[in-house]
Structures are given as C-alpha cells and as structure tokens.
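Notes for the structure review
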Amino acid sequence: MQPKLVKDIDTLKFLFKNLKSFDDVACLLEVEKKTLWENVIAHKRYFDFEIPKKRSNEVRTINKPAKNLDIIQKKFNYILSNVYGKPSKPVHGFTPDRSIKTNASTHLKKNLILNIDLSDFFGSINFPRVRAMFMSYFRFNNEVATILANIVCDNNNALPQGGATSPIISNIISFKLDKQLSKLARNSGCLYTRYADDITFSTNRHEFSNDIFNSEEDIWDVSEKVKSIINKNGFQININKTRISNQTNSMYVTGIKVNEKLNVKRTYVRRIRSILHSIEKNIDNIPYARNLFSEKYRRRHTFFSDYDMFNILRGLISHIGFVKGKQDGIYQKFAKRYNDIVKTLNENGSKNYPYIYRPLTSKEFRQRNVYVVEEDIVNYILGDRIAKTLESKQGSAFLLKGYGLITNWHVVSPYIDNVLNNELAKFNSEYYIPISRSKYSDEISFAKILAYDKSRDLAVLEVDSINVENSGFNFNLNISENMPCVLLGYPEYIQGQILHEVEGKIQSQRIARYYPEEFIRYTTTMSILGGNSGGPIVNFNNEVIAVAVKGSNNTVSEVIPIAELLLLIEKSIS
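First things first, this report covers the structure right here in the doc.

Thresholds applied
- Residues numbered from 1 in each chain as written.
- Predicted model: local features only at pLDDT ≥ 70, side-chain atom pairs only at ≥ 80, totals over all residues.
- Heavy atoms only, no water.
- Helix = DSSP H or I, 4+ residues; strand = E, 2+ residues; numbered from the N terminus.
- Contact = heavy atoms within 4.5 Å.
- Pairing = 2+ DSSP bridges.
- Axes fitted to C-alpha atoms, helices over the stretch in contact; angles between N-to-C directions.
- Core = buried A, V, L, I, M, F, W, Y, C linked by side-chain atoms within 4.5 Å.
- Buried < 20%, exposed > 50% of the residue type's maximum accessible area, 1.4 Å probe, protein only.
- Polar contact = N/O pair within 3.5 Å; in protein donor to acceptor, adjacent residues only side chain to side chain.
- Expected span 1.5 Å × (residues − 1).

With respect to the element layout, Val91 can be found in the loop between helix 4 (67-84) and helix 5 (100-105). Leave out the neighbours within four places in its chain, and Val91 touches Arg98, Asn171, Asp178 and Arg194.

As a further point, take the sheet that holds strand 4 (residues 191-195). The strand order across the open sheet built from 4 strands is 4-5-3-8, with neighbouring strands paired in antiparallel fashion. Both outer strands of the open sheet, strand 4 and strand 8 (243-246), are each paired with one neighbouring strand and no more. Each strand axis lies, on average, 15° off the axis of its neighbour in the sheet, ignoring direction. Strand direction decides the pairing type here: strand 4 and strand 5 (residues 198-203), joined by 5 bridges, are antiparallel. Along strand 5, the bridge assignment pairs Arg194 with Ile199.

Take the sheet that holds strand 14 (residues 395-400) next. What the 6 strands build is a closed barrel, ordered 11-14-15-19-18-17; its pairing is antiparallel. Adjacent strand axes in the sheet meet at a mean angle of 40° when their direction is disregarded. The strands touched by helix 17 (residues 409-420) are strand 11 (370-373), strand 14, strand 15 (404-407), strand 17 (433-436), strand 18 (444-453) and strand 19 (458-463); relative to strand 18, the strand with the most contacts, the crossing angle is about 85°. Sitting on the sheet, helix 18 (residues 562-573) is in contact with strand 14, strand 15, strand 18 and strand 19, with an inclination near 65° to strand 19.

The next subject is the nonpolar core. Counting 62 residues, the largest nonpolar core has Phe134 and Phe201 as the members making the most contacts within it. Per-element accounting of this core gives the leading share, 7 residues, to helix 8 (residues 142-152). The residues touching Phe201, leaving out its near neighbours within four places in the chain, are His107, Leu112, Ile113, Leu114, Ile116, Leu181, Ala185, Leu191, Tyr192, Phe208, Ile212 and Val226. Counting residues in hydrophobic clusters, the runner-up holds 34 residues, among them Met251, Val323, Ile341 and Leu345.

The next subject is the side chain of Arg366. Note on placement: Arg366 falls in helix 16 (residues 362-369). A distance of 2.7 Å separates the side chain of Arg366 from the side chain of Asn542, its partner in a polar contact. Among residues more than four places away in sequence, those in contact with Arg366 are Phe473, Val486, Leu488, Leu499, Glu501, Val538 and Asn542.

An ideal rise of 1.5 Å per residue puts 16 Å on 12 residues; helix 17 reaches only 13 Å between its terminal C-alpha atoms. Within the sequence span of helix 17, burial applies to Trp409, Val411, Val412, Ser413, Pro414, Tyr415, Ile416 and Val419.

Set out below in structure tokens:
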C-alpha cells in the first residue's frame, strides 16, 4: 500500500465532498477496495500498550493501529486537515501554529484561572457520535458516514489514543462545545480556551461570575451552566482535576506557569540541573550516570523508542527554550552545559550524540560581529621595487549583513591616501587591513576596501573568507530623538580588551557640511572615545541604526544614521 496520496489536494477535496459510496472512499484514499474492507471492516487490528501518566501512578492505554490501517488513517487525516481547516480561535490542541504555549499565553497575568479536565476525552467520542458528525457536519449519507467512522474508531467503538485521525475528529466533534463555552465566557467577562481535554477559563475580576464558578462556601464548584454544556455535548468533568487559582499562588495552564511571564516549575529546573551535575561528575563513567538516572527518575517507556538519558535530558532542556524562549538565561546555561558534555563524549568515544540548538545570546552576537581595526605597520610597494610602509590607525568596525564590514573613512584613510589614491602604489596582498575580535578569537583576519566616502566619513570593506550574506547585524532605518540605544566598539584599545557597550539615547539632529554637500547626523548622550569610531549604534533588537563618528576629541559625540551608509553603497554600485 502506498503510504502517501498521489492526487493533488484540489482533486482530493472534490472527491471528498462528492463521496457517495464505499467505492468512492476507496478511490479517495487510493486503496484497493478489498484492502480497505479487510483493514477497516473485516479484520481491524490495533496494538495496545501502556505508558505511565506524568503526575500519578496511573497508566494511559495507547491503541496503535496496525501498519495498513495506520497508513489509511494518515491519508484520511491529511484530507480532513485540508478540508476542515483551522479550528475556532479558543482551540489550541492539534492545530498548526498553536500549542500549549499559545494556550497558556491567552491567560497570562490574569487574576483568576479555572482549570477543568474532561474525563476519558477520546473514549467519550464513540462510533455513533462520529458517524452522526459525518452525516450532519459534512452531509454524507449513511453508507459513507459508517465507513468513515469505521476508519477512525477502534474496536472499542471509540476514538483510539494512538490514531492519526483522533485529534482532528475530536476538534470537529467539540465545535459546538467550544462555541457554547466561548459565548458563556464572553458574557461572563472571561476568556476560554481548550487544549484537547484541558479547559481553561480566566478573568481579571476578583471572582468568577456564578455562571462560570460558584464560589459560595457551601458550594465552591464549577457552575451548573458549565456542567450542563459539557454534559450535553457528551463529555464529563474529571472532578479530581478541577482547580481554581489566583495570583497569590502559582497558576498553571497546560503545565506552563502564567503568573507574570511564561515559565516552568522550579522542580523542573532543579531536575535538569541535577541530571546535568550527575553526568558532569561521572563524565568518565557514563554507564554509572545512567544507572543513577534510572534509579532516581521513573522510566516512561513507549512502544516506539528506547528510554535514553540523553534523549530525555535534551527534551527537558528544549522544553524550557520552547516555553521561555531560546534567549532565556536558564535555557542558554543548560544548553551550553549539555553541548559541552556531548562535545566531550563525541570526541572521546564512538557515540555521536546530537547537540541542542543554542542561538547566540545578544551579547555573544555583538562580540562575534564587532571588530577591532588594528593599529599596525603595513607594507606596500611604490612603483616596481620600492618597499614602503604606512602606519594605520586603530578603530572599530562591524559586519552588516548583506553588505560587508563597515567603519569610518578616517579609520582607514592611511590605506586610501598612501596606496589606493596613488596609481604607482599597490599592496603586497589582496587583503591588507588587519582586523580582529579582540579576546573573543585568537584569529587575525584581513580586509580590503570596497567603497568609501570622505565627505560622509564612511567606508565599506570586504573580509577575506566571510560570507556577509549569512553573517552580521541587520539594520533599521528608524532613528529619532530620545531613542534608547547602545554604542559598541573598542575605544582606547589594548590587546584582549572586552567589547565596550554603553547604553544611552539619540539626541538632536544636526547638519554636517562638507562643501558643497550637507549630511544628516545625530548627537548622542554616549561619549564616543578615541578608537570607538566606526562602531555600531544598535537598538535593543540588536539592529544597527547608526555608525559612531565623532568622539571625545571633538566638541560633541555624533553618529551617522544608517541611511547615509546605504546612500554610499547605492552610489558605489551605480
């Protein structure tokens, strides 16, 4: 049986909407009629296995369809997903571009949160309900609705936990439930979301409306209206998991803390820290570390994959990055520690453990893309034989994505005046300007001048072996008075110096005159010291908005807006 559909989606949609018989269903799914009958009607087969639930001693039974039935369900799921589209706004489970994170974000910083769990969610959606849905929602006849219900339901006549079609079917079945609870929430000054069987209400009021939750001392329970809507839609509330919380304690939605910002539990962080420490301590005896891990943390075997300490640890750390963002300090520290462990093991052994993606922090990104233009004695040739030297100046520079290394004209003027503007002079090599990243790299790179403008005091350089299409700062043309920003560079440079970062603001706009032209510049609250010329001025998104130019030797600190640099580049291209 072919695992993927051959027909294009428009053809599949047309065939789906015009289903009239068993034969039509077989044609839609590109399956032989006999094969479809065998796998869906005559000998429908599932494999059951159990996994422990996360926060209890109970187990969850997973019903996994046999291979051919699994293929049929996946094909049907693909068609349904394209026909049904995206569920209504409150639904965050089993939906593209939505997740436990988007679900939790809806309820961030609310005064009150009510969590409701639906009992046996998939098991509550039985064969008669599914067949009725295909007949009412999609307007299929009884024959088609029956065969489709047989495809998606297991031998217990309900949606299987491991079925590919169960998530989307459950969302379609729950459409009326979501509509009614959303309306009730809206009329009660609340927000409502659902992620699979997890229902959440939240409000900024001091207490819920009695239509949502009855907080009287002798009742203290979900309202009769909410219970009635849930029951009439074929579901039951799991009373053991109903929870109401406020800002005086930790509030969670689908496992994510939502008091002030999206966060994970402290115990979750402590668990990761403990596992990392154990591995680091026993880096020369990983089997022992595995045994400690197995003893301390309960195994959660699945039918599909082996239990592995590194896979689980990588997943735990990745979840923090998903919830809090990959720039979060805790994620960054854990990901770095994990990658350091993996690097050691991969270099010393036969295993090849995968790394965790860790983007550069804002500070690391700046350190990688801001350069020192080194002060040096540079050799060049005058005429055919005369060896000459020039003394270069120290300054700062930065990589601008898609353009090159940017600095001031006056920083590289010795190269221009002595060689580039002298037809009889030439450098000994193609790349002749030494640059470095100070303490952040031992490597000395070399650059050459592509374009310059003395009047604007700007220069564009090309660095040997650096692809600027994939490296460097982005820019932002937005610059205005009182805009917060950061000056970067290497003022009064000595070898091994850290990157200088000074926060401040853009001040007033000025006109710089270089007869017969005039140029826009801005003053800043940040002192630009000698050697910082050519460094970038960035906003808090790390986008370059200007280039540092006038420093402490002048009467005022000035910067060149990035628009002037783009004009230079445009002029040099034309």
